[in-house]
Amino acid sequence: MVNPKRALITGITGQDGSYLAELLLRKNYEVYGLVRRSSSFNTGRVDHLYRDPHEKDVRLKLVYGDLNDASSLNRIIKTIKPEEIYNLGAQSHVRVSFDVPEYTAETVAMGTTRLLEAIRDSGIKTRFYQASSSEMFGKTGVCLQDEKTPFYPRSPYAAAKVYAYWMTVNYREAYGMFACNGILFNHESPRRGETFVTRKITMALARIRHGVQKKLFLGNLEAKRDWGFAGDYVEAMWLMLQQKKPDDYVIATGETHSVREFLQEAFGYAGLKWQNYVKIDKRYFRPTEVDYLHGNSAKAKKILKWKPRVCFKDLVRMMVDADMKMVERELYGKKGKKE
């Protein structure tokens, strides 16, 4: 019997990490997830990957470490010897990065550098995926962004991601490492954090629909994004590391929609008029805004044979349905809504 491939995922407890872990386990990988030690153990997104509460799937293991701690990264890589490493860990909230710019840079920029250096120092032949972001394009002025579009970051988060992007390229070229950047445009799901605008909308809608919330406060409704489904996008991550040569790829749907359109689709699906519930709050505006992001993933479609499966409307409805059920469980227990 052939030994399973070993993969290490930083940020495994996040949205992307949980979907990627699912994918790799389906492909019979042995998956290690990097988790920080804290007073609360936030594993809710991956708990379902265990067979039952008493018997954990031996192919999924969580290991303590931190992107801010080089020694832990060195130890983990030398111990596990993973064939693939997916760096998804970060302080990933753009608005919050303005409040904690140094911490954001420490985890996103320097965290990536520590991980790349740990790989180089170990001498292990592994394939590395860096989670780059469409936020790096920022105010680029190009209507359709692809791998050749220049970066113009507009937040501490985006600036840190640009640094991590170029460090990944540098380690690939300087040391011959198999290192790839996935420049992913916005990708959402029912597992998205509730502070991100899409999930903030669908969760508030569910609570409004069930009478436990009256208003939803938002910032810029005119910002346009290229929104896809996270479950589709993690497949692209995996495909990048299966190629003969390492390279960088834009992953996007090729469609762009405003926050206002997301509101219309979500509230309309629930039979409500969003204008009756949404209020604009200046606190949620960014100091520097990114008004328009629209990705061209032609390269990924040609080389990786990847394409998105979930369209914008289905994504919104998937998230609304999931949050409606979640709020029902909160109010009525496991049996759901009372008749």
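It should be noted that the structure appears before, not after, this text.
Here the structure is a predicted model, which is why all the values come from computation and not from measurement.

## What about a nonpolar patch on the surface?
No. 1: A surface patch of nonpolar side chains, about 210 Å² in accessible area, is lined by Val96, Val100 and Tyr103.
No. 2: Summarising the element assignment, Val100 is placed in the loop between helix H3 (94–97) and helix H4 (101–122).
No. 3: Residue Val100 is classed as partly exposed on the basis of its relative accessible area, which comes to 31%.

## Comments concerning helix H10 (residues 312–332)
No. 1: Under the 1.5 Å per step criterion, the end-to-end length of H10 is 30 Å for 21 residues, consistent within 8% with the ideal 30 Å.
No. 2: The complete set of buried residues in H10 reads Phe312, Leu315, Val316, Met319, Val320, Asp323, Met324 and Val327. Axial view of H10: buried residues confined to an arc of 165 degrees, hence all on one face.
No. 3: Along its buried surface, H10 packs onto strand E7 (187–188), helix H6 (197–209), strand E10 (228–229), strand E12 (257–258) and helix H8 (259–269).

## Looking at the packing of aromatic side chains
Describing an aromatic ring pair means giving the distance of the ring centres and the angle of the ring planes.
No. 1: Using the criterion set out here, one finds 13 aromatic pairs in the structure.
No. 2: Through a chain of ring-to-ring contacts, three or more aromatic side chains come together here, namely Phe137, Phe151, Tyr165, Trp166 and Phe185.
No. 3: Positioned over the ring face of Phe196 is Arg192, at 3.9 Å from the centre of the ring.
No. 4: Looking at Lys200, its charged tip hangs above the ring of Tyr284, at a distance of 3.5 Å from the centre.

## Comments concerning the sheet that holds strand E1 (residues 6–10)
No. 1: Reading across the sheet, the seven strands line up as E3-E2-E1-E4-E5-E6-E11 and stay open at both edges, with parallel pairing between neighbours. Of all the strands in the sheet, the pair left with one neighbour each is strand E3 (60–64) and strand E11 (249–251). Direction aside, neighbouring strands of the sheet carry axes that sit 25 degrees apart on average.
No. 2: Helix H5 (residues 156–175) contacts strand E5 (127–133) and strand E6 (178–184) of the sheet and is inclined by roughly 155 degrees relative to E5.

## Quick notes on the layout of surface pockets
No. 1: When its volume is computed, the second largest pocket comes out at roughly 260 Å³.
No. 2: Lining the second largest pocket, in full, are Gly44, Arg45, His48, Pro190, Arg191, Arg192, Glu194, Arg199, Ala322, Asp323, Met326 and Arg329.
No. 3: Looking at the lining of the second largest pocket element by element, the count peaks at four residues for H10.
No. 4: Looking at the lining of the second largest pocket, its residues break down into three nonpolar, two polar and seven charged.

The rules we used
What you see as residue numbers is a count from 1 along each chain, following the sequence as written. Only residues with pLDDT of 70 or above have their local features reported here, since the model is predicted, and side-chain atom pairs are shown and tallied only from 80 upward, although totals for entire chains, interfaces and linings are computed over all residues. Hydrogens and water are ignored here; the side-chain numbers use all heavy atoms of the structure. Surface patches are drawn from residues lacking salt bridges whose relative accessible area is over 30%; two like charges belong together within 9 Å, two nonpolar side chains (Val, Leu, Ile, Met, Phe, Trp, Tyr) within 5 Å. Per-residue and other accessible areas were derived by the Shrake-Rupley procedure at a 1.4 Å probe size, with only the shown protein chains allowed to occlude residues. Whenever Lys or Arg places a side-chain nitrogen within 4 Å of a carboxyl oxygen from Asp or Glu, that contact is recorded as a salt bridge. Think of it this way: any DSSP run of H or I at least four residues long counts as a helix, any run of E at least two long counts as a strand, and we number them from the N terminus. Buried, partly exposed and exposed residues are distinguished by accessible area as a fraction of the type maximum, computed with a 1.4 Å probe on protein chains only: under 20%, between the cut-offs, and over 50%, respectively. Given the number of residues in a helix, its expected span is that number minus one, multiplied by 1.5 Å. In this description, the arc belongs to the directions extending from the helix axis to the C-beta atoms. Contact definition: two residues touch when any of their heavy atoms are within 4.5 Å. Put simply, two rings from Phe, Tyr or Trp (the six-membered ring, in Trp's case) pair if the centres are within 6.5 Å, and we call them stacked under 30 degrees between planes, edge-to-face over 60, tilted for the rest. Counted as over-ring charges are cases with an Arg CZ or a Lys NZ within 6 Å of the ring centre that also lie within 35 degrees of the ring normal. A pair of strands is treated as paired once DSSP finds two or more bridges between them. A fitted line through C-alpha atoms represents every axis, and for helices the fit uses only the stretch in contact; the resulting angles, taken between N-to-C directions, go from 0 to 180 degrees. Put plainly, a pocket is an open set of points on a 1 Å grid over the protein atoms alone with protein on both sides within 12 Å along at least five of seven lines, a cavity is a set where a 1.4 Å probe fits but cannot get out, and a lining residue has an atom within 4 Å of a point. Grid points are joined across faces, edges and corners, and a volume is the space filled by probe spheres set on the points. In this classification, Asp, Glu, Lys and Arg are treated as charged, Ala, Val, Leu, Ile, Met, Phe, Trp, Tyr, Cys and Pro as nonpolar, and every other residue, Gly included, as polar.

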